[in-house]
Amino acid sequence: MYERMVLIRAFEEACVQLYMEKEIRGSFHPCVGQEATAVGACFALNPDDYMTCTYRGHGACIAKGIDVNAAMAEMLGRRTGVSKGKGGSMHWTDPSIGLLGENAIVAAGVPIAAGAALSAQLDRNGRVALTIFGDGAINQGAFHEALNIAQLWKLPLILLCENNLYAEMTPLAKSNPLAQVADRAKGYNMRAVVVDGNDVCAVYDAVREAARLARAGEGPTFIEARTYRLLGHMIGDSESYRTKEEVAAWRERDPIKRLRAHLAQAEGVTDAEFDAIHARVQQQIEDAVKFARESPYPDPEEAYTDFWI
Ligand SMILES: Cc1ncc(C[n+]2csc(CCOP(=O)(O)OP(=O)(O)O)c2C)c(N)n1
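Attention here is on the structure that accompanies the text. Worth saying up front: this structure is predicted, and the values here are computed from it rather than measured. (Residues numbered from 1 in each chain as written. Predicted model: local features only at pLDDT ≥ 70, side-chain atom pairs only at ≥ 80, totals over all residues. Heavy atoms only, no water.)

### Structural notes on helix H9 (residues 255–267)
Between its first and last C-alpha, H9 extends 17 Å over 13 residues, near the 18 Å set by a 1.5 Å rise per residue. All buried positions along H9 are accounted for by Pro255, Ile256, Leu259 and Leu263. Down the axis of H9, the smallest arc covering the buried residues is 95 degrees, so these residues share one side. Each element contacted by the buried residues of H9 is listed here: helix H1 (2–20), helix H2 (35–43), helix H7 (200–215) and helix H10 (271–294). Its side-chain oxygen 2.8 Å from the backbone nitrogen of Ile256, Asp254 forms the N-cap of H9. Backbone geometry just after H9 places Gly268 at a positive phi near 70 degrees. (Helix = DSSP H or I, 4+ residues; strand = E, 2+ residues; numbered from the N terminus. Expected span 1.5 Å × (residues − 1). Buried < 20%, exposed > 50% of the residue type's maximum accessible area, 1.4 Å probe, protein only. Arc of directions from axis to C-beta. Contact = heavy atoms within 4.5 Å. Polar contact = N/O pair within 3.5 Å; in protein donor to acceptor, adjacent residues only side chain to side chain.)

Here it is, written out as structure tokens:
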């Protein structure tokens with residue numbers, strides 16, 4: 001889990017750099033600081049379980065097992081990318097790992113995952129569907145419709161809200177009257193839990209239990225994972241809506257630092273072992289950037305292929 005979290009961080013930091021150098025175009029929403037929710041959740045699933053996530057979902061996709069070379073190629077708009085260079089940062093899709101897509105539309109992945117959960121229920125194939133979304137999604141109509149039907153039909157669905165306290169530049173308290181995000185589930189009589197989203201083991205345990213219940217026919221679980229994005233909403237965000245002190249306080253709770261401290265203390269992992277992990281990840285990212293740069297752009301004639309309507 002530690003290595004995968006480090007891989008996500010390194011991927012995102014490399015993308016920030018490539019974005020500044022204009023090798024990556026369009027929008028890019030880094031998930032730096034939110035690696036524990038992604039890895040904790042995906043490691044608790046089976047490889048063939050379904051997942052939807054958001055434009056901030058690179059971490060979740062990498063945690064679910066996306067090919068990092070193909071992911072980087074997508075960022076650079078290359079034909080070898082996970083969406084053949086036509087999806088960009090916000091539309092990674094790979095059905096081979098159960099990834100039914102990131103989504104640029106807030107909350108749009110929630111009903112898609114509910115549909116996947118319904119198909120799993122009808123096919124009795126034992127799969128569950130995980131949908132990861134932000135706190136901004138919980139005021140969207142599509143979110144409410146999906147929760148209602150998921151609970152009514154006891155769909156094998158896991159709803160994981162990454163509550164990072166802001167929807168773009170709007171603080172949660174300015175868009176939401178609830179004491180806590182998880183209370184949204186109460187209106188649907190849905191089981192709900194709150195976890196420390198920067199504690200990878202807490203997220204893993206919550207999702208594992210939710211998956212167990214879903215596979216047993218007990219229906220959906222709503223999980224509020226409290227976390228924080230350490231970078232802006234997107235590159236170029238002035239971040240005027242939050243203080244430097246607040247960001248610094250959350251840096252102290254960096255999920256990677258925390259896991260490293262735990263592994264060193266409780267499991268006796270040495271600095272040399274950590275160094276080896278970081279070196280391996282660095283090499284993987286360098287290889288991915290090289291692969292992406294050396295890949296061709298898609299042919300303009302392919303612009304209208306691979307569409308699903
Ligand atoms: C339906 C819809 N409305 C508005 C937007 C513009 N928008 C993009 S990101 C975003 C904030 C979403 O915040 P949140 O769900 O908390 O996720 P986070 O970005 O914090 O991960 C908004 C409003 C959109 N993409 N889709």
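### Remarks on the environment of Pro177
With respect to the helices and strands, Pro177 occurs in the loop between strand E5 (170–171) and strand E6 (191–196). Under the relative-accessibility criterion, Pro177 is labelled exposed at 78%. Residues Pro177 and Glu252 lie 75 residues apart in sequence; the distance between their C-alpha atoms is 28 Å.

### Let's talk about the packing of aromatic side chains
Counted by the stated rule, this structure contains nine aromatic pairs. Judged by centre distance (6.3 Å) and plane angle (40 degrees), the rings of Tyr19 and Phe28 are tilted. The exposure class of Phe28 is buried, given its relative accessible area of 0%. Ring geometry for Tyr166 and Tyr241: centres 5.2 Å apart, planes at 55 degrees, overall tilted. Residue Tyr166 is located in strand E4 (residues 166–167), and its partner Tyr241 is located in the loop between strand E7 (221–226) and helix H8 (244–251); the two are separated by 75 residues in the primary sequence. Taken together through their ring pairs, the aromatic side chains of Tyr166, Tyr228, Tyr241 and Trp250 make up a single cluster. (Phe/Tyr/Trp six-rings, centres within 6.5 Å; stacked < 30°, edge-to-face > 60°.)

### Observations regarding the side chain of Glu302
Within the secondary structure, Glu302 is located in the segment after H10. Note on Glu302: relative accessible area 14%, which makes it buried. Leaving out residues up to four positions away in the same chain, Glu302 has contacts with Arg79 and Lys86.

### Looking at the pattern of salt bridges
In total, this model carries 16 salt bridges according to the counting rule given. With its nearest N and O atoms 2.7 Å apart, the salt bridge here joins Asp49 to Arg215. Taken together, the residues Asp49 in the loop between H2 and strand E1 (50–52) and Arg215 in helix H7 connect sequence positions 166 residues apart. Here Asp183 makes a salt bridge to Lys186, at a shortest N to O gap of 3.5 Å. Linked by salt bridges that have partners in common, Arg9, Glu35 and Asp254 make up one network. (Salt bridge = Lys/Arg side-chain N within 4 Å of Asp/Glu carboxyl O.)

### A closer look at the layout of surface pockets
Volume-wise, the largest pocket comes out at about 640 Å³. For the lining of the largest pocket, the class distribution of residues is eight nonpolar, seven polar and four charged. The space that makes up the second largest pocket amounts to roughly 280 Å³. Along its surface, the second largest pocket is lined by 18 residues, and Tyr55, Val106, Gly134, Gly136 and Ala167 are the ones closest to its centre. Elements with a contribution of two residues or more to the lining of the second largest pocket: strand E2 (129–134) and E4. When its residues are assigned to classes, the lining of the second largest pocket shows seven nonpolar, seven polar and four charged. (1 Å grid on protein atoms, 1.4 Å probe; cavity = no way out; pocket = protein on both sides within 12 Å on 5 of 7 lines; lining within 4 Å. Points joined across faces, edges and corners; volume = space filled by probe spheres on them. Nonpolar A, V, L, I, M, F, W, Y, C, P; charged D, E, K, R; others polar.)

### Description of the site of the ligand
Around the ligand there are 15 residues in total, and Tyr55, Arg56, Ala104, Gly136 and Asn164 lie nearest to it. Separating an oxygen atom of the ligand from a backbone N or O atom of Asp135 is a distance of 3.2 Å. Here an oxygen atom of the ligand and a side-chain polar atom of Asn164 are 2.9 Å apart. For the ligand, the protein covers 74% of the area, taking 590 Å² as the surface of the free molecule. (Near = heavy atom within 4 Å. Areas by Shrake-Rupley, 256 points an atom, 1.4 Å probe, with all protein chains shown as cover.)

### Side note on empty space enclosed by the protein
Following the criterion strictly, the structure yields two cavities of 30 Å³ or more and no others. A volume near 70 Å³ is recorded for the largest cavity. Along the walls of the largest cavity sit Cys31, Gln34, Ala38, Cys53, Thr54, Arg56, Gly57, Gly59, Ala60, Ile132 and Glu162, which together make up its complete lining. The residue inventory of the lining of the largest cavity, partitioned by class, reads five nonpolar, four polar and two charged. If you add up the space inside the second largest cavity, you get close to 40 Å³. Lining the second largest cavity we find Cys53, Thr54, Asn103, Ile105, Val106, Ala107, Ala108, Gly109, Val110, Thr131, Ile132 and Phe133.

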